[in-house]
Amino acid sequence: MQTQLEPRAHPPLETAAAGAGVLLDDVSRTHRDRHGNAVAALREVSLRAAPGELLAVVGPSGCGKTTMLELICRLQDPDGGTVRSDPAALMPQHDLLLPWLTAIDNAALALRIARRPREQARERARALFAELGLAGFEAARPHELSGGMRQRVAFVRTLLSGKPVLCLDEPFGALDAITRAEMHGWLTRALQREPRTVVLVTHDVEEAVLLADRVAVLSPRPGRVVAQLDIELPRPRARTEPAVTELRERALIALGMGSSA
């Protein structure tokens, strides 16, 4: 029998760490389209991200993955079932950096909204810039940064929100293959330095296997959980490892796309 996680007091912004968790219990959600028609996004979804776990969610377009993240972040309410989560921050598909702010001020935005002094907020962001390969670009505007650098700035902004749960919506979907591989390594190292509970949405099954502790596979809309795979492999992982290839194939089969489908 699963134990529901009760919301806890929000820890100080820059000191939140692993110790949170996420539980969706029999969750359903239906939207209305622009014509007023009911569109079922999720139906009877039960999932848990354990404290400090990286849970990847894969599934076809339109199966309710983004809706799930918004439910966890309390941007929507379920029509049925229960969502339990400590405070969560959403990193959307696009970086949404403010073009009139420098990279360092974009990264420090959550701290400034929390009324931290400007220099204190910048100093906290600056420490992460050095760790994440952004040193020297603090004064750059978003249009002067590469796609991978913009995503790192957006992730620093999400991390500095201090929320113990991070919801990442296709964070690397727009990047080229080389940059994406670099970002995979960077994300793994960043979470080792700043542990959080993470729910990562992706269309890339291989990406899910390379990054996650567990992969949940959703069906076409309305999204239901059709498989969960435990990824008990040491990090870093290589896409050519036989175990990675096997797990990727199992996920593809669950999606109806594998060689045995």
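Residues numbered from 1 in each chain as written. Predicted model: local features only at pLDDT ≥ 70, side-chain atom pairs only at ≥ 80, totals over all residues. Heavy atoms only, no water.

Caption draft 1: Local environment of the sheet that holds strand β2 (residues 38-49). Spatially, β2-β1-β4 is the arrangement adopted by the three strands of the open sheet, whose pairing is antiparallel. This sheet does not close on itself; its edge strands, each paired only once, are β2 and β4 (80-85). Neighbour to neighbour, the strand axes of the sheet diverge by 30° on average, direction disregarded. The pairing of strand β1 (residues 22-32) with β2 spans eight bridges and is antiparallel. For Leu-24, the partnering residue across the bridge sits in β2 and is Leu-47. Those strands touched by helix α1 (residues 65-72) are β1, β2 and β4, and its axis lies near 120° from that of β1. (Pairing = 2+ DSSP bridges. Helix = DSSP H or I, 4+ residues; strand = E, 2+ residues; numbered from the N terminus. Axes fitted to C-alpha atoms, helices over the stretch in contact; angles between N-to-C directions. Contact = heavy atoms within 4.5 Å.)

Caption draft 2: Spatial organisation of empty space enclosed by the protein. All told, the structure shown has one cavity of 30 Å³ or more when counted by the stated rule. The computed volume of the largest cavity comes to approximately 30 Å³. Along the walls of the largest cavity sit Val-22, Leu-24, Leu-47, Arg-48, Ala-49, Leu-55, Met-68, Ile-72 and Val-199, which together make up its complete lining. Where the lining of the largest cavity is concerned, the elements lending two or more residues are β1, β2 and α1. It is β2 that contributes the most residues to the lining of the largest cavity, three residues altogether. A breakdown of the residues in the lining of the largest cavity according to their chemical character gives eight nonpolar, no polar and one charged. (1 Å grid on protein atoms, 1.4 Å probe; cavity = no way out; pocket = protein on both sides within 12 Å on 5 of 7 lines; lining within 4 Å. Points joined across faces, edges and corners; volume = space filled by probe spheres on them. Nonpolar A, V, L, I, M, F, W, Y, C, P; charged D, E, K, R; others polar.)

Caption draft 3: Representation of the sheet that holds strand β8 (residues 214-218). Strand order in this open sheet of six strands is β5-β6-β7-β3-β8-β9, and the pairing throughout is mixed. On the outer flanks of this sheet lie β5 (88-91) and β9 (225-230), each paired with one strand and no other. Across the sheet, the axes of successive neighbouring strands diverge by a mean angle of 15°, strand direction being ignored. Bridge count between β5 and strand β6 (residues 165-169): four bridges; the pairing is parallel. Residue pairing for β6: Ala-88 is matched across the bridge by Val-165. This element, α1, spans β3 (54-58), β5, β6, β7 (197-202) and β8 of the sheet and lies at about 155° to β6.

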